[in-house]
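# Observations on the model geometry
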Amino acid sequence: MKKSLVYIFAAILLVSSHACKQDEFFELKRPQETQWVNTTTFDQGLSSAYFALTYSNGFQGVNQMRDFASSGAAQLLPQTSTSVAWNEMYFWQFDQNVSHNNELWKFAYQAITLCNMAIELDREKAGNPFTLKTDGTDYKDNYVRQLGEYYFLRAYAYWNLIKIFAPPYNPGGNNSGAYIPFKTTVPTSKEAVFAEKLGSTEEIYNLIIFDLETAKAKLPKAFNSATMLPTYEVGRATQYTAAALLGKVLFLKGDYTKAQQELTIVLDAAEKENRFALEAPLEAFNKNVVKTIPKEAVWEHNTGDPAIGGASNYMYYGMIISLNFRDADNGGRGKDMVKSSWNQFTMSYWALDKMGWMKDATRGDYTVTDAAKSDLRFQQLYYPLLAYNPTGDPLLYETLSAHAAVNKPQIYVDKYFRGGPGDGRYTKFPTIRLADLYLSRAWLRWKAGDSAGAVADLNKVWNRANPTGLNRYTTANVNHDAILAEYLREMSGEGWTLDFMMSTRMPIPAADRTTISAMDAPYTNWKWRIPAEEANLNPNYK
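Residues numbered from 1 in each chain as written. Predicted model: local features only at pLDDT ≥ 70, side-chain atom pairs only at ≥ 80, totals over all residues. Heavy atoms only, no water.

## Quick notes on the overall build of the chain
Helix and strand content of the chain: 20 helices and ten strands. Dimensions of the chain, computed from the C-alpha atoms along their principal axes, are close to 70 × 50 × 50 Å. Considering only residue pairs separated by 6 or more positions, the chain has 71% of its internal contacts joining residues 24 or more positions apart. Summed over its atoms, the accessible surface of the chain is roughly 20300 Å², and 49% of this surface lies on carbon and sulfur atoms. Charged side chains in the chain number 56 positive and 57 negative. The centres of these two groups are separated by 2 Å. (Helix = DSSP H or I, 4+ residues; strand = E, 2+ residues; numbered from the N terminus. Contact = heavy atoms within 4.5 Å. Areas by Shrake-Rupley, 256 points an atom, 1.4 Å probe, with all protein chains shown as cover. Lys, Arg positive; Asp, Glu negative; His and termini not counted. Charge placed at Lys NZ, Arg CZ, Asp CG, Glu CD.)

This is how it looks when you write it as C-alpha cells:
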C-alpha cells in the first residue's frame, strides 16, 4: 500500500511548488486516483502529462507569446495593456516574478513527476509491470510506445524549464551552474523531497538527450489503428517528433553535426516516404477537426473541436500576438474576421526590414513591398492594417478602440483561430513543423560549408510560398542573414525564433526597443527568476 500511495502522490502533487503540503500527503489513508494496472490505465497518466505540457495555464500558447514578445521579431503596440506580463517579456525584465513562468514551472514538474513514476515502475518491474506477453501487440505497440512517450515528455518538460530558468548552454564553456531541481525518481518521504538537488545545465541537457534517444528507440513512426489505443491517434509524440526535438536540443547545445543528423531523419521521412510534406502555408493552421492532420505537422497541438472528440482548450495566448480573437470563424478573413482587442504585439519594423516586406520601415516608409504581396505566407498567415481610423474599413484599417494609439501601419501575425467553418476557436496548430526543420538544417549545412545543401533546403521552403518566383537562393547569396530572413518570414509567432537565434549564436536584437541593448552570446543573463514560492521553500535556493 505504501508504494501505491507513493505512485498516487507522484501523480497529484506539484512537488516543487507545494512543498509545504508534503506532510499531509504522507498521512493519506487510501489512494485517490485509479492505479496503473494495464495499458489503458497507464495511458491515463500520459493524458495528464500531455495536458500539463500543452493545455495547462503554463502552456496553451505561453511559449509562443513569450518567444515572440522577447525575440525582437515583435513590436509592442503603443498604449495597450492586458493582464499578461507584456512589459516583462518585451523589455527583458528577467528579475520579475512572472505568473506565466510560475505556472509553467508548476505544470512542468507535475509532468516530470508523472514521467518519473512511470519510468520507475518500468525499472522496478523489469520492463513488464502488467505481465503482458512480450511478443504481443499490447506490449509492443502500447506499453513500449507509452514508455517512450513518458521519456519524451520528461525531456520536453525539462527542455522548457532549462530554457526559461537557466542561461542557454554554452558550447565549449562552463555549464556547471545549477538552477533548477533535478528530479529523476519518485520521493518516498518528506526528507527525500528536501534532499533533492539542483541539476547543472550539463546534467539537465544530458538527461534531455538521453530521454529523447530512449524515446526515439521506443516510439513508432505512426499510429496503427489495428493495434494501438485510439488515444494515440492525434497530438502524440512519434519517433519523428523525438528526432525533431532532439535535433533542436542539439542545435541549441552547439552540437551541429549531430543536430543535422537528427533533423535529416525527419526530412528523409518526408522526402523518401512521404510521411510529411510542405503544403500551402495556411494548411498547417486551418484544421479544427480532430483527426484531420496537416501533412506539415511533425507534432501537432491538438485542440480540435470538442464536439468531435478534441480537448476543450485552445490557443488562449494567441489573442495577444495574433490578429484574430478566438471568436473568428471560417478562416478568419473578410466577414468572419474578429480582430483581437487583446492583441499587443505585431511584427517589428526591424524584422520587416530583414524580411523585405516593408520598403524602409525603420526610416518611416511603411509601404508593403511587391515581394511581400507575392508571398503566399504574407497572403495567408500575416495581415497588414493601416493606422487607427475608427470610421475606416475594418479590413484595411486598425479600428479597435483598444488600438486607438496605433498611428503607423502594422503587419500582424495571423496564424491562430483560422479553422472552420463552425468552430474557429478550437483550430489546431503545429508545435513542430517541417519548414522549421528545413530552415534549421539549411543553416547547419551552410555553417558546415555545404552551401549547395543549404540552398536546396532554403529553396524548398521559398518555392512553396513563391510559386511564381522560384529558386531565389543560390550559393552566391546564401548566408546567415538570408536564412534568418527566411526564418522570420516562415516562423514568426510560433515559439521557436529565440531558439534559432541562440542556436546560431547571433546577438538577440534590441530591434524596435530603445531602452535595452542587444544581448550577445553566450547570453549569460538570459534567465528568468525562479518562482518566489519555490525559492522560499526549497533549501537549495537559500
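This is not the end of the story, as more comes after the structure.
## Remarks on the packing of aromatic side chains
Under the criterion given, the structure shown has 43 aromatic pairs. For the pair W36 and F42, a centre-to-centre distance of 5.1 Å together with 85 degrees between the ring planes defines the contact as edge-to-face. The two residues W36 and F42 agree in class, both being buried. An angle of 55 degrees between the planes, with centres 5.0 Å apart, marks the rings of Y169 and Y205 as tilted. One end of the pair, Y169, is in the loop between α7 (137-165) and β2 (178-181); the other, Y205, is in helix α9 (residues 201-218), with 36 residues separating them in the sequence. Taking the relative accessible area as the measure of exposure, Y169 reaches 8% and is therefore buried. One cation-aromatic arrangement involves K248 over W496; the distance from NZ or CZ to the ring centre is 3.8 Å. Positioned above the aromatic ring of Y314 is the side chain of R425, whose terminal nitrogen or guanidinium carbon lies 5.2 Å from the ring centre. (Phe/Tyr/Trp six-rings, centres within 6.5 Å; stacked < 30°, edge-to-face > 60°. Buried < 20%, exposed > 50% of the residue type's maximum accessible area, 1.4 Å probe, protein only. Lys NZ or Arg CZ within 6 Å of the ring centre and 35° of its normal.)

## Let's talk about the pairing of strand β4 (residues 297-301)
By the criterion of burial, β4 is predominantly enclosed, with five of the five residues buried. Here four bridges tie β4 to strand β10 (residues 429-433), and the two strands are oriented antiparallel to one another. Bridging from a neighbouring strand, W299 pairs with I432 of β10. (Pairing = 2+ DSSP bridges.)

## Section: helix α4 (residues 62-71)
Burial runs high along α4: ten of the ten residues are buried. In the stretch just after α4, G72 is the one whose phi turns positive, near 100 degrees.

## Let's talk about the packing of helix α3 (residues 39-54) against helix α6 (residues 99-124)
Where α3 meets α6, the closest approach of the two axes is 8 Å, and the angle between their N-to-C directions is 155 degrees. When the axis of α3 is compared with that of α6, the two are roughly antiparallel. Handedness of the α3/α6 crossing: left-handed. Listed contacts from α6 to F42, G45, S48, A49, A52 and L53 of α3 are F107, A108, Q110, A111, L114, A118 and L121. Here the contact of α3 with α6 is composed, by residue class, of ten nonpolar, three polar and no charged. (Axes fitted to C-alpha atoms, helices over the stretch in contact; angles between N-to-C directions. Parallel < 35°, antiparallel > 145°, perpendicular 65-115°, else oblique. Left-handed = near helix turned anticlockwise from the far one by under 90°. Nonpolar A, V, L, I, M, F, W, Y, C, P; charged D, E, K, R; others polar.)

## Thoughts on the confidence of the model for the chain
Mean pLDDT over the chain works out to 92, with 92% of the residues at or above the 70 mark. Within the model, pLDDT remains below 50 along residues 1-33, and this stretch shows 65 contacts once partners closer than five positions in the same chain are excluded. (pLDDT = per-residue confidence, 0-100.)

## Focus on unusual backbone geometry
Here the bond from G420 into P421 is cis, since omega is 5 degrees, no more than 30 degrees from zero. As for its placement among the helices and strands, P421 is situated in the loop between β9 (410-413) and β10. Cis rather than trans, the peptide bond between A521 and P522 has omega equal to 15 degrees. Position of P522 relative to the elements: it lies in the loop between α19 (497-503) and α20 (532-537). Backbone geometry at A126 places phi at a positive 55 degrees, although glycine is not the residue there. Structurally, the position occupied by A126 is in the loop between α6 and α7. Residue A126 is classed as exposed on the basis of its relative accessible area, which comes to 73%.

## Side note on the packing of helix α11 (residues 256-273) against helix α16 (residues 434-447)
Interhelical geometry of α11 versus α16 gives an angle of 135 degrees and a closest axis separation of 9 Å. Considering their axes alone, α11 and α16 lie oblique with respect to each other. Note on packing geometry: the crossing formed by α11 with α16 is left-handed. Within the contact between the two elements, α11 uses Y256, A259, Q260, L263, T264, V266, L267, A270 and E271 and α16 uses L434, L437, Y438, S440, R441, W443, L444, R445 and K447. Classifying every residue of the contact of α11 with α16 by side-chain character gives eleven nonpolar, three polar and four charged.

## Some points on a nonpolar patch on the surface
A cluster of nonpolar side chains, contributed by L386, L395 and L396, occupies part of the molecular surface with about 240 Å² of accessible area. Within the secondary structure, L386 is located in the loop between β8 (382-385) and β9. (Patch = residues over 30% accessible without salt bridge, like charges linked within 9 Å, V, L, I, M, F, W, Y side chains within 5 Å. Salt bridge = Lys/Arg side-chain N within 4 Å of Asp/Glu carboxyl O.)

## Brief notes about the environment of L537
Here L537 is to be found in helix α20. On the basis of relative accessible area, L537 is assigned to the partly exposed category, the value being 26%. Between the C-alpha atom of L537 and that of D450, which follows or precedes it by 87 residues, the distance is 51 Å.

## Side note on the pattern of salt bridges
Evaluated as defined, the whole model comprises 36 salt bridges. Taking the shortest distance from any N to any O, the salt bridge between K197 and E203 comes out at 3.0 Å. By relative accessible area, which is 39% here, K197 ends up partly exposed. On the basis of relative accessibility, which here comes to 30%, the residue E203 falls in the partly exposed class. Ionic pairing is found between K216 and E213, a salt bridge with its closest N-O pair at 3.6 Å. Within this pair, K216 and its partner E213 are both found in helix α9, separated by three residues, close to a single helical turn. Through salt bridges with shared partners, a single network forms among E296, D375, R377, K415, R433, R464, E486, R489, E490 and E494.

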